[in-house]
Structure formats: C-alpha cells, structure tokens
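Each chain, written out:
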Amino acid sequence: MAFSKTGLVAVSLAALLAAGCSSTRFTSMNDQPAPLSPAPSGNVTASTTLPPPATPADPASFPAAPGESTDVASINPGADPAAAAPDITTGSVVGAWNASVSGQSCQLITSLTKLGSNNRAASRQCAAPVNGVKAWNVAGKQLSLYDESGSVVARLYSSGPEKFDGQTSTGLPISLNR
C-alpha cells in the first residue's frame with residue numbers, strides 16, 4: 001500500500017490536533033473555586049458641616065522646582081523681563097520651535113533667508129496674531145516677530161536654554177521652546 005507524502009502529512013496533522021483536544025485543561029466548568037465573601041464595609045455617617053479649608057501657603061515662599069522657568073516675569077511680575085535676560089544671537093534662534101500662544105500649541109520656523117532687513121519666518125497652525133508671522137530679528141536681548149507689513153507681532157526674551165517667553169502685540173502670552 002503506497003501513501004503520498006501530502007496524505008501522510010495531513011493524517012499526521014489531524015492526529016496531532018485530535019490529541020490536543022483531549023487535554024485535561026478543558027475540564028468541565030463545575031470545577032471552579034467557591035466565590036469570595038464580600039469585603040466588610042464600615043458605617044456611613046452623614047454630616048452637613050465641613051471643616052474649614054486650610055490656609056494656602058504663600059507661593060513666593062517656595063523655591064523654584066528643578067527645570068522650572070526662572071523667568072524674571074514669573075518671579076517678580078512687575079520686573080522688566082529684559083533686565084535679567086541674556087543677550088541672544090541669530091544663530092541661537094534659527095530652526096524649528098514649538099510655540100505656545102495663550103496655551104494653544106503650534107510651530108514656528110525661523111531661517112536666515114533675508115526678507116527686507118529681517119530674516120524669514122513661518123508659522124504652522126498658530127492662532128492669531130502669530131499665524132501672520134513672516135519675519136524675525138534679534139536686537140540685543142530681544143527677539144521680535146514681524147508680520148508681512150513689518151509690524152511687530154510679538155516680542156520675546158530668552159528665559160533659559162532653548163526657551164523664549166514674551167507677549168504678542170495684542171497682549172497674549174507666547175513662549176517658544178525646542
């Protein structure tokens with residue numbers, strides 16, 4: 001009697017599958033453990049009065065957290081941000097930035113390509129007025145962003161490595177970081 005290789009393989013696989021189905025792992029579901037007893041619960045009491053709230057600590061009494069901004073404006077809101085800001089260079093501004101305009105995230109790209117007396121810039125998915133940024137320039141400690149007509153859109157100061165903070169011409173807070 002001659003068997004083909006294909007037939008022999010098929011019979012072997014069928015026997016192997018049938019042997020797997022006779023495992024003791026698949027015993028009846030009646031062998032389940034008994035259910036757990038419920039956890040004890042305490043008595044619930046009702047009260048219409050709450051204790052008085054704790055007096056909040058003065059935020060100025062805490063030191064800055066590691067990695068937290070040491071921006072002059074956040075430490076002393078009445079201070080001039082330019083007073084403690086370091087000088088910046090055009091080379092430190094060139095590239096892609098993650099921008100936050102009044103809490104909304106977008107992107108700002110700065111290049112060294114000239115646009116008049118400034119350098120070209122472009123925004124991506126930014127809210128007004130930053131959506132109209134077309135140029136930028138550095139003067140000492142200040143980074144200025146301009147629209148197509150050359151009007152200032154925002155002024156920012158370095159507030160740490162790879163970070164700028166400031167406000168738009170409409171008074172919205174703006175920050176750039178990488």
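This is a predicted model, so every value here is computed, not measured. (Residues numbered from 1 in each chain as written. Predicted model: local features only at pLDDT ≥ 70, side-chain atom pairs only at ≥ 80, totals over all residues. Heavy atoms only, no water.)

*Asks:* Lay out the state of the cysteines in plain terms, naming residues and giving numbers.
*Replies:* Under the definition given, this model contains one disulfide. Covalent S-S linkage joins C106 and C126, the inter-sulfur distance amounting to 2.0 Å. Around the S-S axis, the bridge from C106 to C126 shows a dihedral of about 90° and counts as right-handed. Here C106, found in strand 2 (residues 104-115), pairs with C126, found in the loop between strand 3 (118-124) and strand 4 (135-139); they are 20 residues apart in sequence, far enough to count as distant. Both residues of the pair, C106 and C126, belong to the buried class. (Disulfide = S-S within 2.5 Å. Helix = DSSP H or I, 4+ residues; strand = E, 2+ residues; numbered from the N terminus. Buried < 20%, exposed > 50% of the residue type's maximum accessible area, 1.4 Å probe, protein only.)

*Asks:* Explain the pairing of strand 8 (residues 173-177) residue by residue, including any values.
*Replies:* As defined by bridge partners, strand 1 (residues 95-101) adjoins strand 8 across four bridges and the pair is classed as antiparallel. Residue pairing for strand 8: S100 is matched across the bridge by S175. The pairing of strand 7 (residues 163-168) with strand 8 spans five bridges and is antiparallel. If you follow K163 over to strand 8, its bridge partner there is N177. If you look at the hairpin formed by strand 7 and strand 8, you'll find four residues sitting between the two strands, and G171 has a positive phi there, around 90°. (Pairing = 2+ DSSP bridges.)

*Asks:* Quick one: what's the story with the pattern of salt bridges, residue by residue and with numbers?
*Replies:* Pairing is possible between side chains that carry opposite charge, provided their charged atoms lie close to one another. Following the criterion strictly, the structure yields two salt bridges and no others. For E162, the salt bridge is made with R178, and the minimal N-O distance between the two is 2.7 Å. Here the residue E162 occupies a position in the loop between strand 6 (152-160) and strand 7, and R178 occupies one in the segment after strand 8, the gap between them amounting to 16 residues. Its relative accessible area of 44% is what places E162 among the partly exposed residues. Judged by relative accessible area, R178 falls into the partly exposed class, the value being 40%. The salt bridge involving D165 is made with K163; its shortest N-O contact spans 3.3 Å. Classification of D165 as buried rests on a relative accessible area of 16%. (Salt bridge = Lys/Arg side-chain N within 4 Å of Asp/Glu carboxyl O.)

*Asks:* So what's going on with unusual backbone geometry? Which residues, and what values?
*Replies:* Residues A128 and P129 are joined by a peptide bond in cis, for which omega reads 5°. Mapped onto the fold, P129 is located in the loop between strand 3 and strand 4. The phi torsion at S102 lies on the positive side, around 55°, for a residue other than glycine. Within the element layout of this structure, S102 appears in the loop between strand 1 and strand 2. S102 sits in the partly exposed class, given a relative accessible area of 42%. Unlike most non-glycine residues, Q125 shows phi in positive territory, near 60°. Looking at where Q125 falls in the secondary structure, it is placed in the loop between strand 3 and strand 4.

Keep in mind these numbers describe shape, not what the thing actually does.
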